[in-house]
Amino acid sequence: MRSTDDAELYRDSWGVPHLRAGDHLGLARAQGRVTALDRAWQIEVERHRAQGSSAAFLGPEAVAWDRFARQARLDDTARRCHDALDPQTAAWVRAYVDGVNDGLAEGAARDERFARTGHGRTGEGRTGHGCTPWEPWVPLSIWIATHILFAGFATKLWRERVARALGDDAATLFATDGPGTAGSNGWLVPGGRTATGAAIIAGDPHRFIEDPGVYQQIRLACPEYDVVGLAVPGVPGLAHFGHTGSAAWAITNAMADYQDLYVEQLRPAADGDGAEALGPDGTWEPVHRHTETITVAGADPVTVEVLETARGPVIMSDAAAHTPTAQQTLSLRYPPRVRRDLGFAALPALLRARTVTDIDRALDGWAEPVNVVHAADTEGGLLHRVAGAVPQRDPANRLRPVPAWEARYAWQGWAATPAEPVRGLAVMANARGIASPLGVEFAPPHRANRIRELLSGSARWSPAAMADVHRDTHLASAEPLLALLPGLEGLSPDAERLRERLLAWDRHMEADSTDATVFSAFRTATVRRFAADPVFAGLADAPTAPEVFHPWLYLVPRVGYALEGLLTTSLLPGLDRAAHVRAALEETAAAHTADTPWSQVHRLAPWSALPDPDAEWPGLGGDHDCVNATSSVPGFTDLTARASAARYVWDLARREDSLWAVPLGADGVVGSPHHRDQLPLWARCELVPVVTDWARLTKESA
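Residues numbered from 1 in each chain as written. Predicted model: local features only at pLDDT ≥ 70, side-chain atom pairs only at ≥ 80, totals over all residues. Heavy atoms only, no water.

S.K.: Lay out the overall build of the chain in plain terms, naming residues and giving numbers.
M.R.: If you tally the helices and strands in the chain, you get 21 helices and 25 strands. Taken along the three principal axes of its C-alpha coordinates, the chain extends 80 × 75 × 50 Å. Across the 702 residues that make up the chain, the buried fraction comes to 62%. In the chain, the proportion of contacts linking residues at least 24 apart, taken out of those at least 6 apart, comes to 70%. Accessible area of the chain: about 25,200 Å², with a carbon and sulfur share of 50%. Averaging the locations of the 67 positively and 88 negatively charged side chains of the chain gives two centres separated by 2 Å. (Helix = DSSP H or I, 4+ residues; strand = E, 2+ residues; numbered from the N terminus. Buried < 20%, exposed > 50% of the residue type's maximum accessible area, 1.4 Å probe, protein only. Contact = heavy atoms within 4.5 Å. Areas by Shrake-Rupley, 256 points an atom, 1.4 Å probe, with all protein chains shown as cover. Lys, Arg positive; Asp, Glu negative; His and termini not counted. Charge placed at Lys NZ, Arg CZ, Asp CG, Glu CD.)

So, in structure tokens, the structure goes:
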């Protein structure tokens, strides 16, 4: 990398970039440039996904997302949020974008995927390699597109479907944190329980694993600050995980509900031009309407109608429903479009934080997404709070789509974000707790309870010992299913032996465990039999909503993730659980999967915009409700696409004793030395050191 102003680039032995510049704007520019150098393909894919233009080089499979991005007006929302930035934050973001534009051609030249897809062909208005320059708001656009599905508004489509099939009381019958896009573990161990007397913060965000990885290990240093952390490629700063030397922070998904779906009544405008929507005061309001064209590689262009009511963009209309039972026109109301604010002013403030008070003050301005935060500093300060924008409105808004024409469902200001004093250990794992007043569905308590149990076993925790917590594979959610086994009668001899084996199993989903494989096969058979029960017949049809929402709307995955609750609920008196479990046990016993290690079937299957058919991915331990949360889809597949997108341990005694790892590596270019060099360690839940001594780094030539 050639020098940008006075910026310097160093790398450690894992290829992690360490940047040093004379001021914060030069540093932001250097961060943008090194990101373009290391992650050009990734950030270009994310830029075009946010703009709804990725099908132009990825082909027809990308059309569904591009249509949603345009209908939800993601890029337009980002532009509005950028226009509302304060001048200092806008200049900082612009410096990052300038760096991206400066490095994009060089980064694209490193990656053969540009040539293979024809993306970035040279032409008017393009860079030397052909990529169009980034506009100043692109980082905000990437941020919105990355997090638009975090709050799970698509779950409201599922609840609506469940309520119609099983009655209003059953709307939350399948309550769970999956399928989803985000979850996390996080824990804060105060100094009274560590070997050094200083706090340790550790955890891991759970996301769909992507190639390249969704987090970028990086160090940012200038006279004002020196921070290590995990960046989102394409976005400046370190929003989620960072260590400034004297203070550190980390987040998990708060599971808050802050996006609403409104059922709209539309009609042609009275003057015959455009459309109108029935508003909450009983009058017909104008609807913004225009059309856009999606260019599709290898196929005809696709025309998209973009509608927006006073509530928000229309993301689903009668034409997309196709069936009388699903004909609703739905608009999406989400805070960034309403407030024109993502909270980006918090990002440079976090980099400058010296104490927990600084972090707390910075996060008062945070907006999207809504997170639970842990922070600590070298003075003994501790923080446990929620940060983000959650609207106040009728409780019904949180459950299902609500009528746009009824005033009771309008937003009424913004909810206060809770905070709690840290007394003893602080754990966040998407379960009910500090954020409970802001959400509907939370993760089962198993991960949080297990982390507390493990941490309570010592008062002398060290950073290195935290890997043992990260890798824990105890599956507490197996208990309700296994509890039914002793009561089964009339089993075949093979099923009797399988029952004994499962009851003797230690409940750990270890990579080399054959019992874990057998349990998963038994669970899969149970899920499929439950899903086939007549009680769920009204939910068995294929989804009629747009394709983007299908992961939330298929019955088998929903049963798989909610199995624990379905085994114990009183809302389904007609469901013969014992009969299904008995049949599943017999089926599993007859399949003879006894000698297959769990890691042989539970293999990583990451998402990639351009999949590599020759890639070999490791087998893993863990499962959805383990601390080592490697999520498969029970009843559908044992492969895992969602797991720890990074692991971190922040030591407040000595930052150089901190540890981290990502699923692949620091470089996004396939075949480069640091593209997948951390993968074997990550698969074993091992961590690599955070290097802070400049003398141990290698400076790249200008």
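S.K.: How would you summarise the packing of aromatic side chains if you had to cite specific residues and measurements?
M.R.: Per the stated rule, a full pass over the model turns up 17 aromatic pairs. Consider the rings of Trp 143 and Trp 366, whose centres lie 5.8 Å apart with planes at 85°: the pair is edge-to-face. Here Trp 143 is found in helix α7 (residues 138–147), whereas its partner Trp 366 is found in the loop between α12 (356–363) and β16 (371–377), with 223 residues between them in sequence. We classify Trp 143 as buried; its relative accessible area is 0%. (Phe/Tyr/Trp six-rings, centres within 6.5 Å; stacked < 30°, edge-to-face > 60°.)

S.K.: Describe the pattern of salt bridges, with residues and values.
M.R.: Taken as a whole and judged by the stated rule, the model has 50 salt bridges. Salt-bridge contacts for Arg 655 lead to Asp 226; the nearest nitrogen and oxygen are separated by 3.2 Å. Residue Arg 655 is located in the loop between β22 (647–651) and β23 (659–661), and its partner Asp 226 is located in strand β6 (residues 225–231); the two are separated by 429 residues in the primary sequence. In this structure Asp 226 comes out as partly exposed when scored by relative accessible area, which is 22%. (Salt bridge = Lys/Arg side-chain N within 4 Å of Asp/Glu carboxyl O.)

S.K.: Can you explain the environment of Arg 471? Please cite residues and give values.
M.R.: Note on placement: Arg 471 falls in the loop between α14 (466–470) and α15 (479–482). Counting along the chain gives 357 residues from Arg 471 to Phe 114, while the straight-line C-alpha distance between them is 37 Å. Among the polar contacts made by the side chain of Arg 471, one reaches the main-chain carbonyl oxygen of Cys 685 at a distance of 3.3 Å. (Polar contact = N/O pair within 3.5 Å; in protein donor to acceptor, adjacent residues only side chain to side chain.)

S.K.: Run through the pairing of strand β1 (residues 8–11), naming residues and quoting values.
M.R.: For β1 and strand β2 (residues 17–20), the ladder comprises 4 bridges, and the chain directions are antiparallel. By the bridge assignment, Leu 9 is partnered in β2 with Leu 19. In this antiparallel pair of consecutive strands, β1 and β2, the connection spans 5 residues, and Gly 15 shows a positive phi of 80°. (Pairing = 2+ DSSP bridges.)

S.K.: Before we move on, can you summarise helix α3 (residues 63–71) with the specific residues and values?
M.R.: The buried count for α3 comes to 8 of 9 residues, which makes it a mostly enclosed element. Burial in α3 covers these residues: Val 63, Ala 64, Trp 65, Asp 66, Phe 68, Ala 69, Arg 70 and Gln 71. Note on α3: the residue one or two positions beyond its end, Arg 73, has a positive phi of about 60°.

S.K.: I'd like a rundown of the packing of helix α1 (residues 24–51) against helix α5 (residues 87–109), residues and numbers included.
M.R.: Between two packed helices, what matters for the description is the angle formed by their axes and the separation of those axes. Relative orientation of the contacting elements α1 and α5 amounts to 45°, with a least axis distance of 6 Å. Between α1 and α5, the interaxial angle falls into the category oblique. Crossing geometry of α1 relative to α5 is assigned as right-handed. Of the residues assigned to the contact of α1 with α5, the class counts are 13 nonpolar, 7 polar and 6 charged. (Axes fitted to C-alpha atoms, helices over the stretch in contact; angles between N-to-C directions. Parallel < 35°, antiparallel > 145°, perpendicular 65-115°, else oblique. Left-handed = near helix turned anticlockwise from the far one by under 90°. Nonpolar A, V, L, I, M, F, W, Y, C, P; charged D, E, K, R; others polar.)

S.K.: How would you summarise the sheet that holds strand β9 (residues 260–264) if you had to cite specific residues and measurements?
M.R.: Strands sit in the order β14-β15-β9-β18 across an open sheet of 4 strands; the sheet is mixed. Because the sheet does not close on itself, it has two edges, and the strands there are β14 (314–316) and β18 (402–403). As judged from the 5 bridges shared by β9 and strand β15 (residues 329–333), these two strands associate in the antiparallel manner. Across the sheet, residue Tyr 262 finds its bridge partner in β15, namely Ser 331.

S.K.: Let's hear about the packing of α1 against α3: which residues, and what values?
M.R.: Put simply, α1 and α3 touch, their axes get as near as 7 Å, and they point 60° apart. Judged on the interaxial angle alone, α3 and α1 are oblique. Along the contact surface, α1 presents His 48, Arg 49, Ala 50 and Gln 51, while α3 presents Trp 65, Asp 66, Ala 69 and Arg 70. Of the residues contributing to the contact of α1 with α3, the split by class is 3 nonpolar, 2 polar and 3 charged.

S.K.: Please provide a residue-by-residue account of the confidence of the model for the chain, values included.
M.R.: Summary statistics for the chain give a mean pLDDT of 93 and a share of 95% for residues scoring 70 or more. Segment residues 122–128: pLDDT under 50, and 13 contacts once partners within four positions in sequence are set aside and those in other chains are kept. Contacts of residues 319–326 to residues separated by more than four positions or lying in other chains number 10 contacts, the stretch itself having pLDDT below 50. (pLDDT = per-residue confidence, 0-100.)

S.K.: So, the sheet that holds strand β25 (residues 698–699): which residues are in play, and what are the values?
M.R.: Whether parallel or antiparallel, the strands of a sheet pair through hydrogen bonds between backbone atoms. One open sheet holds the 9 strands; their spatial order is β17-β16-β8-β7-β6-β5-β2-β1-β25, and the pairing between them is mixed. The two strands at the open ends of the sheet, each matched to only one other strand, are β17 (382–387) and β25. Bridge count between β1 and β25: 2 bridges; the pairing is antiparallel. Counterpart to Tyr 10 in the pairing with β25 is Lys 699. Sheet strands touched by α12: β8 (247–253), β16 and β17. Its angle to β17, the strand with the most contacts, is close to 5°.

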